[in-house]
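Structural description and commentary
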Amino acid sequence: MAKGGDGAARPLVFALNGSRVELAEVDPSLTLLTYIRTRTGLRGTKRGCGEGGCGACVVMVSRYDPRTKNVEEITVNSCLTLLCSLDGCAVTTTEGLGNQQAGHHAIHKRMSGFHASQCGFCTPGMTMALYGTLRKSGSKSCNKPEANGACNLPLTAAEAERAIAGNICRCTGYRPLLDTCKSFCADVDVEDLGMHQFQNKNELPVYDSTRDPVFPPFLVEECEARETSSHDNHNVESAQTNGNGIHHETSEVQPRFKFSDSADAKDREKVWIDPESLTEVLKALRTYQGTEVKLVVGNTASGYYKDIKPNVYIDISKVDELLALRKTADGIEVGASVTISNFIEFLESVHGQESKATTNGVAGKNSATSVPDVLAAHLKKIASNHVRNWGSVGGNLMMAKLYNFESDIATILLGVGAQVKVVSSGSGGPVAKSTSLEDFIWNSALENGEVLQSIWIPLDGASSQDGSRVHFKTYRAASRPLGFALAYVNAAFFARASETVHGGVKLDDVRLALGAFGTEHAIRARRVENHLNGKSLTWDVILEAVRLLRSDVVPVKGTRKAEYRVSVAVSFLFQFLAPLLKDDDYVSKYNGLLSSGKQMITMTDEYYPVGQPSPKMASELQASGEAVYVDDIPAPADCLHAAFVLSEKALAKIQNVDVQPALQTPGAVAYISAADLPPNGQNVGVSMGALSKQGLFATDLVECVGHLIGVTVADTYDHAKEAAGRVKVDYDVKSVGPPVLSAKEAVERNSFFPVHFLVAGSFKPLNDITEGFAAGDMKLENVKVVTESQKHFYMETQTALAIPDEDNCMVVYTSTQTPDYVQRTVAEALGIPYHNVRVITRRVGGGFGGKVFRGTAVAVACALAAYKLRRPVRTSLDRNTDMIFIGGRSPTTSTFSVAFTKDGRITAVKAQVLVEAGYEQDFSSFLPGDFTHAFKKYNYGAVEIDFKICKTNLVPKTAMRGPGQTQGSHLAEAVIEHVAARLGLDPEIVREKNFHDVESLKKFFGEGAVGSPESYSLPAMWERLKDSMNWVDREHKVQKFNEQSTWMKRGLAMIPIIYSNLSASKSAMVSIFADGSIVLETPGVEIGQGLHTKVRQAASFALSKLFPKGRGIDLSRFRIVQMDTISVANGGVTSGSTTSEGCCAAVQAACEILVERLSPVYKQLQDAAPDGDVSWESLIAKAIYMVDLKVHHRYAPKQFLYLNYAAAASEVEVNLLTGETQILATDLVFDCGKSLNPAVDIGQIEGAFVQGIGFFVTEGVETENGRELADGTWGYKVPTIDTIPKRLHVELFNSPALQERVLSSKASGEAPFLLAGSVHSAIRKAILSARKERTKWISDSKPNDPDLGLNDFILDPPASIDRIKKLCGFDNVESYLASMASSVEDAKSQLHCIKT
Ligand SMILES: Cc1cc2nc3c(=O)[nH]c(=O)nc-3n(C[C@H](O)[C@H](O)[C@H](O)COP(=O)(O)OP(=O)(O)OC[C@H]3O[C@@H](n4cnc5c(N)ncnc54)[C@H](O)[C@@H]3O)c2cc1C
Ligand code: FES
Ligand code: FES
């Protein structure tokens, strides 16, 4: 055990950004993230999920090994890393790399220069992930502390891209982030990268690794000293080994740290033990038998198993006997505590040696599959690089064993026939026993007191014998191709193949391991193995094998996507065996990750500097962690923390709420509910004035799982959360009847909200529907199209800090898109005037609509608690609570009928749309207006849509990027695709047939919305896109590809959009100070959309009118301050894409007033100046005493509704065996008028498009009895770098100047989201091709059967891996094999006939 010189426990010592930290008392359960965020002034390390799934918390950990004198540098998720594990380590956060005063790091600067930061919440984590990769690439050859990584960077583009594979960005769409990463590579030309601020390579901020933080010399010294003392202790204690490399026990177990947050409760004591030998580990286990013990290596399991709260932590990460990593002649031994990354590196080095031997001719041409290489490749898909760097092999296996975790490692090691060594204490000392991994996982009990020591991987089977060849392959199917997502099924197959005398293939030693398919543990498919062993392979044999496999792979009852998992297990076996009989495209040839992007813009100087791609304001500060978000504001004295108590039932009466157990939690202060509202306060969670109101707390009745019942308040968030979990609510479900859990049930029970009167007029019938139906030649009736919800998954969860002020006032800092609503709602809840409430929002870490309405309740709850307790109260919701409480996009179920002519012209559409709202109306009752607008993108002749807003007992759905319009646009495309399918036409032909002309456009949208005829740019853009992307040629190539490929099918599709924007009326305040610096204030909130950047450009342009040559005022003179409701009254919402332009217009007008005031002064100075030149400073210095240099102005648009046009084409490749999709390319053209800032607009377009990919492809939601199942990063999969298009071309259409728009611009925030529908349509085409292929194998295909038929199938978004596979055929492998087998039979019988 770690002791100081005097025998007392040594304090914890580590370095944080170079400074020494020494802690004598530490809570063993304290994570590095909590430590950094609550005990230091550093705020760059963010909490996005707290479960290892987002990368916002990534930091670098450096460890010095006194024995080798090497420093190992790795990135880790600080949310999973226990502080006590960091003894002797150096931690570097993004602040440690540089800052504004000392100068930013090259990564910070490039993040800014490549426009890679929008809301900026992910940026510090991205920075550290990239930094880790840069250091690693340099440190490969120079990892001594004194070298400080001063080597050339041999980083390849592929490695650079993978740097951020374990990080999520919800704003940018990753392309600029990937470009930033690639800009550091030697093999990349900066000219080939996307838009950036650097004229050429020489302008790139230089990365000088010699200036990187060094491993602190004081820690080197301390580590050396510790090593010596431990060595001495070791000698003194004269440890003996028992032949297994295990030391006999010698001394007493002494916890290094003991901590309790309660003097009264003994069971709350937590201890940390750091044994130095396995003997000490065993002793500690014996000592603490019967308590909740955790053997800690990386602690990464805590990201998944959050409820396991041990009392005893035994650190086994430094125990030598558990760190073996060696290769012998017949295998590899890996110690249980070896990290997955180190294991990968070792396997790769073994493979390297093997390859060398092979090229030296040792293994010969029949060399076996390299087992180490295959294992390493699979391991790289486990979790993220940050988790792999810290998590261990043994920890993973133990999760599989103890908790039935869906482990990959267990499966692949089962596939290689691994053995494990387990040690326990025996009477004569430690006893080791070896057993098979299978037996270990399935059968042995692993008593409390046993330790997994190591794993043995035999390699004897991998060498070639008697001309036979070993085949070893591993597989996994997951929602993200690169990993960072648990597998739906994984597999590892081993076989020895030899040639038969007849030239066939015979298999022996077959070992088939499969896991994660809904099984307790990974299994061996023994019946299939027996069937294959010794057999000569034929199609019949494979067919029988996959049939047998289906009966071996049986998911347990309740497994999600069970049928999919089984069918993919079958596919994997087929992929393993079929290549031995026939070469084919069983895997995609297109395997590269490398993505590229091109942006085409036309810039003008007309409104200079408006229109310039200037970098986003504060983006360097975002990267370096200096940008302050609400949760970064230092806690005021006496600050308390609040946590939500949410309903567990979908519909129930609250019989009783027992808060006593909660209040006994250490640190608990209060429970706040509706009963605590002041006498004149209202129970209101969001007040939109006259528009609508929503409740705050449930009182007698809970109406959904996730309904807010109350909040617990405590000294820390963890205590508040624990207390919330202890509030005992008694529900009565009987007296209220069953809940309404779907739109269908709402219809059955007549449970509806009214459509909001403000939008009711916007979906009036157009033209005579009866005549329209009569005009068509054909009809499709009652086709059902469903869109699901989508979660916002902004990286910064809902956050608020409420501080009571004098005279019944309240100051609220909150992460909201609507400070105005927060002000009103807090005031109404507290029963005080609006002017008593000051709401301040500086920046928001992503909103996407989720911080407009529902999030208001978070601030109100804090404010109420603060009001009642007269103390500051804050909260930052944990990811799970946030995802449950905030709801998401409104799901819709549409049923349409359509009439059309034989050539594809639509004459009438009639639809009924059910909008699932939840138990409150929120945004849903406004949704019909938006839905209809986007639906009307085609000229259908006559249209009639009827909406029903379904009131259910689900969490209220709210606005989410492109609300309503996303669903409406999708329905329009579904109509087109079904018409095209029925006619056997290409959907693009039907699209073109039904484009609007200007007249029909005016009729559908109104003259004012359309504006000047030349502004209708869609037809021109459509043609432009077809031309620039080579539509005809690409379509031909796709067709050819599909003809030649059996198992991979491609699809290419192109869609248009018309998006309706509602111009925003906004105000602005401009104040000029004596030194010429300027402050701009607008009600718009900077949510990552670049509002501040654009507003600054607009102000500079407007003030430049003072000067004869119209030179812009230097952008650095402007500061844009936080939104403050006391300063900017009645600010309204930041949403709907048009806040930026509204604020620009208001600022422009305010500046023009200033220009008017300043002009006479300017004239005076000009007349007096010899050269007539007047500087800005001299003008302001004089004017300050002559005119009022502060102006407030409100802009009111003349025309509210206007239209965005755009088109996109996407090409995808679908894998028929697994259902996986790769987006090969997207080309899109977008008309945002004269862009206010092309860098910002391109960022919005790319980011929205990728978020749209989430909606249309990856992001599935599920509820069970009203409970959200996807409430975190484990279940909810937003796009990552491997799910974006491999090539993304974006063109800003050079549209004519639009005088009626703000500075001739149009919005770009939401419309591009809808363009991701092109990916969905392309997937549909690829599936169609797959279904055509399948008809070759099955004789009884029925073209119009939705399950078996060819054309008329429904693909509802998201086009998830399982839905795609289902439509390609869960049984397509069997169908194929049966046809292959029967064609062989046919051939045989023909041969037989010929012979006879
Ligand atoms: C975001 C994320 C994604 C992931 N994705 C995947 C994935 O796709 N596929 C996959 O297979 N895994 C995945 N994992 C799991 C990951 O591999 C494990 O979390 C990691 O390997 C556990 O190692 P650890 O050292 O952190 O274990 P710890 O958390 O330290 O310990 C885990 C458990 O093992 C016990 N234990 C540890 N060592 C021993 C020992 N020697 N003897 C007895 N008991 C021991 C501990 O007591 C504890 O119960 C993911 C994890 C995260 C956080
Ligand atoms: S906060 Fe640590 S990974 Fe998300
Ligand atoms: S910039 Fe990446 S999450 Fe906002």
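About the thresholds
- Residues numbered from 1 in each chain as written.
- Chains lettered and ligands numbered in written order.
- Predicted model: local features only at pLDDT ≥ 70, side-chain atom pairs only at ≥ 80, totals over all residues.
- Heavy atoms only, no water.
- UniProt positions renumbered as here; feature names shortened; annotations may be inferred.
- Core = buried A, V, L, I, M, F, W, Y, C linked by side-chain atoms within 4.5 Å.
- Buried < 20%, exposed > 50% of the residue type's maximum accessible area, 1.4 Å probe, protein only.
- Helix = DSSP H or I, 4+ residues; strand = E, 2+ residues; numbered from the N terminus.
- Polar contact = N/O pair within 3.5 Å; in protein donor to acceptor, adjacent residues only side chain to side chain.
- Axes fitted to C-alpha atoms, helices over the stretch in contact; angles between N-to-C directions.
- Parallel < 35°, antiparallel > 145°, perpendicular 65-115°, else oblique.
- Contact = heavy atoms within 4.5 Å.
- Nonpolar A, V, L, I, M, F, W, Y, C, P; charged D, E, K, R; others polar.
- Pairing = 2+ DSSP bridges.
- Near = heavy atom within 4 Å.

- As annotated in an unreviewed UniProt entry, the chain is Aldehyde oxidase from Ceratodon purpureus.
- Under the UniProt heading Sequence similarities (unreviewed entry), the entry covering the chain gives this text: "Belongs to the xanthine dehydrogenase family."

1. Focus on the nonpolar core
- Leu514, Trp539, Phe574 and Ile1323 are the most contacted members of the largest nonpolar core, which totals 196 residues.
- The leading source of residues in this core is helix 23 (residues 856-869), at 11 residues.
- Membership of the second largest hydrophobic core comes to 65 residues, among which are Phe853, Phe900, Ala980 and Leu1018.

2. A few points about helix 9 (residues 371-379)
- Burial analysis of helix 9 places seven of its nine residues in the buried class, which makes it a mostly covered element.
- Of the residues making up helix 9, those classed as buried are Val371, Pro372, Val374, Leu375, Ala376, His378 and Leu379.
- Where helix 9 begins, one side-chain oxygen reaches toward the backbone nitrogen of Asp373, 3.1 Å away; that side chain belongs to Ser370.

3. Here we look at the packing of helix 35 (residues 1238-1258) against helix 37 (residues 1317-1335)
- Viewed as axis vectors pointing N to C, helix 35 and helix 37 meet at an angle of 40°, and their least axial separation amounts to 8 Å. By the angle between their directions, the pair helix 35 and helix 37 is classed as oblique. In contact with Phe1249, Ile1253, Phe1256 and Val1257 of helix 35, helix 37 contributes Gly1317, Ser1318, Val1319, His1320 and Ile1323.
- Tallied by class, residues from the contact of helix 35 with helix 37 come to six nonpolar, three polar and no charged.

4. Observations regarding the sheet that holds strand 13 (residues 429-436)
- Taken in spatial order, the five strands of this open sheet run 10-11-14-12-13, and their pairing is antiparallel. Every other strand in the sheet has two partners, leaving strand 10 (325-328) and strand 13 as the edge strands with one partner each. With direction set aside, neighbouring strand axes in the sheet form an average angle of 20°.
- Note that strand 11 (residues 331-335) and strand 14 (residues 451-458) share five bridges and pair antiparallel.

5. Topic: the side chain of Ser815
- Position of Ser815 relative to the elements: it lies in the loop between strand 31 (809-814) and helix 22 (819-830).
- Using a relative accessible area of 1% as the deciding quantity, one classes Ser815 as buried.
- Side-chain polar atoms of Ser815 contact the side chain of Glu796, separated by 2.6 Å.
- For Ser815, the residues in contact, after removing those within four places along its chain, are Val630, Glu796, Gln798, Thr799, Val844, Gly845 and Lys851.

6. A closer look at unusual backbone geometry
- Residue Tyr608 is joined to Pro609 through a cis peptide bond whose omega torsion reads 0°.
- Structurally, the position occupied by Pro609 is in the loop between strand 19 (596-600) and helix 17 (619-624).
- Although it is not a glycine, Arg870 adopts a positive phi angle of roughly 55°.
- Of note, Arg870 is situated in the loop between helix 23 and strand 33 (873-876).

7. Some points on the site of ligand 1
- The immediate surroundings of ligand 1 are formed by 35 residues, with Asn299, Thr300, Ser392, Asp408 and Leu452 found nearest.
- Measuring from an oxygen atom of ligand 1, one finds a side-chain N or O atom of Lys294 at 2.9 Å.
- Between ligand 1 and Thr300 there is a distance of 2.5 Å, counted from an oxygen atom to a side-chain nitrogen or oxygen.
- Secondary-structure elements contributing two or more residues to the shell around ligand 1 are strand 8 (293-296), helix 11 (393-403), helix 12 (408-415) and strand 14.

8. A few points about the UniProt feature "binding site: [2Fe-2S] cluster 1" (unreviewed entry) in the chain
- On the UniProt side, "binding site: [2Fe-2S] cluster 1" (unreviewed entry) is annotated at positions that read Cys49, Cys54, Cys57 and Cys79 here. In three dimensions, the annotated residues from a span of 31 residues occupy one location, with a maximal C-alpha spread of 10.2 Å.
- Within the secondary structure, Cys54 is located in the loop between helix 1 (32-39) and strand 3 (58-65).
- On the basis of relative accessibility, which here comes to 2%, the residue Cys54 falls in the buried class.

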